[in-house]
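Results of the structural survey
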Amino acid sequence: MSRFLRDRAQPARCPLCRAVISPPKHVKEGLWYEFDGGFCQCGAAYAYDPTARNGGPALLQAMLMACRGDMEKAMSLSPDTDYDEGHVHRYDGHHVNPQAFGTLYFIRRRPAINSD
Ligand SMILES: [Zn+2]
């Protein structure tokens, strides 16, 4: 990688809280998680699609991780009321890089009890 590109590579930040996240790694909990991922300090779950072709499954995995693997719960969530979603584009597995084309998918559930 050229110095120019290396200087432009930035650590990924959670789109929901702006904290720098750890690079995604193999998710140990759950038996079938296909993508690397992790959890932000704000509670958001994220999954990394390195190919830019698997957006649906990667997003679903992030939702499942946010629900601790509870598929029934994940399927019952409504996007406007139950969770927030965010994406980080041009992610290469370690950094946001202008030449990368992977995507990080973030899901953060909102508190279950919402007074309004
Ligand atoms: Zn966060």
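For the structure itself, consult the block above.
Residues numbered from 1 in each chain as written. Predicted model: local features only at pLDDT ≥ 70, side-chain atom pairs only at ≥ 80, totals over all residues. Heavy atoms only, no water.

1. Topic: the pattern of salt bridges
Throughout the structure, instances matching the rule amount to 1 salt bridge. A salt bridge links aspartate 84 to arginine 110; its shortest N-O distance comes to 2.6 Å. Of this pair, aspartate 84 sits in strand β3 (residues 83-91) while arginine 110 sits in the segment after β4 (102-109), and the two are 26 residues apart along the sequence. Looking at arginine 110, the relative accessible area reads 30%, which means it is partly exposed. (Salt bridge = Lys/Arg side-chain N within 4 Å of Asp/Glu carboxyl O. Helix = DSSP H or I, 4+ residues; strand = E, 2+ residues; numbered from the N terminus. Buried < 20%, exposed > 50% of the residue type's maximum accessible area, 1.4 Å probe, protein only.)

2. Notes on the side chain of glutamine 61
With respect to the element layout, glutamine 61 can be found in helix α2 (residues 55-66). For glutamine 61, a relative accessible area of 1% translates into the label buried. Polar contacts involving the side chain of glutamine 61 include one to the main-chain amide nitrogen of glutamate 34, which spans 3.1 Å. With residues near it in sequence (within four places) discarded, glutamine 61 still touches Val27, Tyr33, Glu34, Phe35, Asp36 and Ala47. (Polar contact = N/O pair within 3.5 Å; in protein donor to acceptor, adjacent residues only side chain to side chain. Contact = heavy atoms within 4.5 Å.)

3. Quick word on the coordination of the zinc ion
Taken together, Cys14 (SG), Cys17 (SG), Cys40 (SG) and Cys42 (SG) make up the protein donors of the zinc ion, found 2.3 Å from the metal. Coordination geometry of the zinc ion: the 4 donor atoms subtend angles of 101 to 116° at the metal centre, consistent with an arrangement described as tetrahedral. The sequence pattern formed by the donor residues of the zinc ion is C-x2-C-x22-C-x1-C. Taken together, the residues span a long stretch of sequence, with cysteine 17 in the loop between α1 (3-8) and β1 (37-39) and cysteine 40 in the loop between β1 and β2 (45-49) at a distance of 23 residues. Classification of cysteine 40 as buried rests on a relative accessible area of 8%. (Donors = N, O, S within 2.8 Å, 3.2 Å for Na, K, Ca; no water. Tetrahedral: all angles 85-135°; square planar, octahedral: opposite > 155°, others 65-115°.)

None of this, on its own, says anything about what the molecule does.
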